[in-house]
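# Overview (structure and organization)
Listed below, chain by chain, are the residues.
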Amino acid sequence: GEVLSGSLGNSPFGTLVTASPDNQQPVRNVVHLFGEFSVIDNQGEDITSLFTPKIKQIFLLILLFSSRGGQGVSSTDLASHIWGETDGKKIKSLRSVSILKLRKILERLDKMEVVFSANHYALQVGGTLACDYLQYLDMLREKRVKTRKDFEQFYSLISRGEVFEGMSFDWMDDYKSYVCNSSVDVMSRFIGDYSLQDESDAVIQIAEQILLNDPTNEEALGYKVRALMAHNNFKQARYAYVKFCNEYQFLYGQPFGLAFEQIGCENDS
């Protein structure tokens, strides 16, 4: 199997606005990196707890480096990112024990495995495994977010929450900001396809998701305010505006330049 590629099937995570989870297939072979980290094995068993903080860190490091062109992470980089050192018997031993543990856990998925080649550790993915982060990258790389249906699949991947939620490492920052910026780009492209009058819930949801990634996105604020006002939710619209202004002031140290009225009556373009 090629490193981290291949079709990863349809998103198992519901659609835009609220989808009832009751009629879904039993979920198995799933790795969630959006929202709370979770892993379900090929028997449908939740094995998230097997990933100790260190093993999870190693897993994500190898996965992220593999997703950027396939070669994976060198053993030296792995050691320095995870243990802050690169040399010595102790580090080598820690590394081989940890990789062994990770391989053992991944045997329960169909399929994902750590391969070692040319002094690099990489992840190979195949079988029926679905990983939301890899599906996300696939859709972007292949420019597969063209129709509204594509967008709803894309949106269902990111709507679980922030990518790598609650995890913050220097080596992760570039990947996080790539996801953040790309998500905002795609959502900004599609939010205008939803009717403020008839699909205001979807508009508000997408606008909130944009603001989650980009708290001072004026366009998203405009859509959210207008969608709320279309249904006479003036109080909520005003609250959304004030919250935005506070965030803007906090981030930029200066007041936001547009009055509430200017935001609320922009043309729906």
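Residues numbered from 1 in each chain as written. Predicted model: local features only at pLDDT ≥ 70, side-chain atom pairs only at ≥ 80, totals over all residues. Heavy atoms only, no water.

### Structural notes on the packing of helix α1 (residues 53–66) against helix α2 (residues 75–83)
Their axes nearest at 11 Å, the elements α1 and α2 cross at an angle of 140°. Viewed along their axes, α1 and α2 adopt a mutual orientation that is oblique. Our pair here, α1 against α2, has a crossing hand that is right-handed. Residues Lys 54, Gln 57, Ile 58, Leu 61, Ile 62 and Phe 65 of α1 form the contact with α2, whose participating residues are Leu 78, His 81, Ile 82 and Trp 83. (Axes fitted to C-alpha atoms, helices over the stretch in contact; angles between N-to-C directions. Helix = DSSP H or I, 4+ residues; strand = E, 2+ residues; numbered from the N terminus. Parallel < 35°, antiparallel > 145°, perpendicular 65-115°, else oblique. Left-handed = near helix turned anticlockwise from the far one by under 90°. Contact = heavy atoms within 4.5 Å.)

### Let's talk about the packing of aromatic side chains
The final tally for this structure, using the stated rule, is 18 aromatic pairs. Judged by centre distance (5.3 Å) and plane angle (55°), the ring pair of Phe 51 and Phe 59 falls under tilted. Under the relative-accessibility criterion, Phe 51 is labelled buried at 6%. Members of the aromatic cluster, joined through ring pairs, are Tyr 241, Phe 244, Tyr 248, Tyr 252, Phe 256 and Phe 260. The side chain of Arg 68 reaches across the aromatic face of Phe 65, ending 5.4 Å from its centre. (Phe/Tyr/Trp six-rings, centres within 6.5 Å; stacked < 30°, edge-to-face > 60°. Buried < 20%, exposed > 50% of the residue type's maximum accessible area, 1.4 Å probe, protein only. Lys NZ or Arg CZ within 6 Å of the ring centre and 35° of its normal.)

### Quick look at the pairing of strand β4 (residues 112–117)
Looking at chain direction, β4 and strand β5 (residues 120–125) are connected through 6 bridges and run antiparallel. Across the sheet, residue Ser 117 finds its bridge partner in β5, namely His 120. Between the end of β4 and the start of β5, which pair antiparallel, lie 2 residues, with Ala 118 showing a positive phi angle near 50°. (Pairing = 2+ DSSP bridges.)

### Points about the confidence of the model for the chain
The predicted model of the chain averages 88 in pLDDT, with 88% of residues at 70 or higher. For the chain, the element scoring lowest by mean pLDDT is helix α10 (residues 260–264), at 88; strand β2 (residues 38–40) scores highest, at 97. Every residue in residues 1–22 scores below 50 in pLDDT, and together they form 54 contacts with partners more than four places removed in sequence or on other chains. (pLDDT = per-residue confidence, 0-100.)

### Thoughts on the packing of helix α4 (residues 132–141) against helix α6 (residues 173–190)
Close contact between α4 and α6 brings their axes to 12 Å; oriented N to C, the two are set at 55°. The pairing of α4 with α6 is recorded here as oblique in orientation. Where α4 crosses over α6, the two elements pack in a sense that is left-handed. Counted together, Tyr 133, Tyr 136, Leu 137 and Leu 140 of α4 and Tyr 175, Tyr 178, Val 179, Ser 182, Ser 183 and Val 186 of α6 form the full contact between these two elements. When the residues that make up the contact of α4 with α6 are grouped by side-chain class, the tally is 8 nonpolar, 2 polar and no charged. (Nonpolar A, V, L, I, M, F, W, Y, C, P; charged D, E, K, R; others polar.)

### Describing the sheet that holds strand β3 (residues 73–74)
If you trace the 3 strands from one edge of the open sheet to the other, you get β3-β5-β4, paired in antiparallel fashion. The open sheet is flanked by β3 and β4, the only strands paired with a single partner. As defined by bridge partners, β3 adjoins β5 across 2 bridges and the pair is classed as antiparallel. Considered in β5, the bridge of Ser 74 is made with His 120. The sheet contacts of α1 involve β3, β4 and β5, and relative to β5 the element is tilted by about 80°.

### A word on the side chain of Ser 200
With respect to the helices and strands, the residue Ser 200 is situated in helix α7 (residues 200–213). If we skip the residues at most four places from it in the chain, Ser 200 touches Ser 195, Ala 227 and His 231.

### A look at the pattern of salt bridges
Across all of its chains, the model carries 10 salt bridges by this definition. Glu 162 is paired through a salt bridge with Lys 176; the nearest N and O atoms lie 3.5 Å apart. With a gap of 14 residues between them, Glu 162 in the loop between α5 (148–158) and α6 and Lys 176 in helix α6 connect regions that are remote in the sequence. By relative accessible area, Lys 176 is classed as buried at 19%. Beyond isolated ion pairs, a larger network of salt bridges with shared partners links Asp 41, Glu 45 and Arg 108. (Salt bridge = Lys/Arg side-chain N within 4 Å of Asp/Glu carboxyl O.)

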